[in-house]
Amino acid sequence: MADTHVLFVEDDDVIREATQLALERDGFMVTAVPDGLLGLESFRAKQPDIALLDVMVPGLDGVSLCRRIRDESTVPVIMLSARADSIDVVLGLEAGADDYVTKPFDGAVLVARIRAVLRRFGHASGAGGNSATEEPQGIEGGVLRFGDLEVDTEGMEVRKAGTPVALTPTEMRLLLEFSSSPGTVLSRDRLLERVWDYGWGGDTRVVDVHVQRLRGKIGQDRIETVRGFGYKLRG
């Protein structure tokens, strides 16, 4: 991770400085700024590998900053929120964040979450890696077709009725997981484990919001909700 550049936007001086030191000890390069406007400026100037955005920062709040970043890039984004039950969490995910961490957080947990997100993005861009980045079982080379939806598992491209569909790497990995088992109900826990690389329990809102975002891009009726169990891709 020595070459991995982290943009960290946090207005609390103590948290910002302590987290920056912790990340640097783990080998990350860190650009830490106290407000969203500086965060946007730094993002454009530095082109970081991942962005950590506190929800409540001055100038340009974290959710708005996430939207601005997502308009320009598919770089992974992790939101930081002081309230796990806050609407801010859902707003951040809907804005295009890939994951979130609740404050106060343990440094080791944050590093583990960053590394999990980076592994997912390495997979989605076609990079090699360990077992956590291998293609979902049942996916072979070529194009998979589900009605007017085409999923190119080699080129990592998606088309709907012949028109390219722009997906974030997390959305792409989620679609690949569904595509590997069309018609099979996948639980939220399985999706958290396979897509988000959670070896521990996670918040299923991450899954629900990403499914909604994916539906908006590939068709609302393509992914079916099976109440009490999870989701399945219609073949």
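These figures come from a predicted structure and were not determined experimentally. The residue numbering used here restarts from 1 in each chain and proceeds along that chain's sequence as written. Owing to the predicted nature of the model, reporting of local features is limited to residues with pLDDT of at least 70; listing and counting of side-chain atom pairs is limited to 80 or more, with chain, interface and lining totals taken over all residues. To obtain the side-chain values, all non-hydrogen atoms of the structure were used and water was disregarded.

### Looking at the sheet that holds strand β7 (residues 149-152)
This is how it is decided: Paired strands are those between which DSSP finds at least two bridges. Strands here mean DSSP runs of E at least two residues long; helices mean DSSP runs of H or I at least four residues long; both are numbered from the N terminus. Orientation is described by axes fitted as lines to C-alpha atoms, over the contacting stretch for helices, and by angles from 0 to 180 degrees between their N-to-C directions.
On the basis of which strands lie adjacent, the open sheet formed by 4 strands has the order β6-β7-β8-β9 and antiparallel pairing. The open sheet is flanked by β6 (143-146) and β9 (163-165), the only strands paired with a single partner. The mean angle between the axes of side-by-side strands here comes to 25 degrees, regardless of whether they run parallel or antiparallel. Of the strand pairs in this sheet, strand β8 (residues 157-160) and β9 are connected by 3 bridges, and their pairing is antiparallel. Its bridge partner being in β9, Lys160 is matched across the sheet by Thr163.

### Things to note about helix α8 (residues 205-218)
As a reminder, the rule being used: One fewer than the residue count of a helix, multiplied by 1.5 Å, yields its expected span. Think of it in three bands: with a 1.4 Å probe and only protein chains considered, a residue is buried below 20% of the maximum accessible area for its type, exposed above 50%, and partly exposed in between.
Helix length check: α8, at 14 residues, gives a terminal C-alpha distance of 20 Å against a target of 20 Å (1.5 Å per residue), a fit within 8%. When α8 is considered as a whole, its buried residues turn out to be Val206, Val207, Val209, His210, Val211, Arg213, Leu214, Arg215 and Ile218. Positive phi appears at Gly219, one or two residues downstream of α8, with a value of about 120 degrees.

### Considering the pairing of strand β2 (residues 29-33)
Two faces, one strand: in a regular strand the side chains alternate between the faces of the sheet. Convention followed: For the handedness criterion, the strands are oriented away from the viewer, and a crossover whose path from the first strand over the helix to the second runs clockwise is classed as right-handed.
In this structure, strand β1 (residues 5-9) lies alongside β2, joined through 5 bridges in parallel fashion. Residue Val6 lies in a different strand from β2, and its bridge partner there is Val30. Note that the unit made of β1, helix α1 (residues 13-25) and β2 has a crossover that is right-handed.

### Some thoughts on α1
For α1, spanning 13 residues, the distance from its first C-alpha to its last is 18 Å, which sits close to the expected 18 Å at 1.5 Å a residue. Downstream of α1 by a residue or two, Gly27 has a phi angle that is positive, lying close to 100 degrees.

### A word on unusual backbone geometry
The omega torsion across Lys103 and Pro104 is -5 degrees, close enough to zero to call that bond cis. Among the structural elements, Pro104 can be located in the loop between β5 (99-102) and α5 (107-124). At Gln47, a residue that is not glycine, the phi angle is positive and equals roughly 50 degrees. Look at Gln47 and you get exposed, because its relative accessible area is 52%. In this structure, Met156 is a non-glycine residue whose phi angle is positive, near 55 degrees. Among the secondary structure elements, Met156 is positioned in the loop between β7 and β8.

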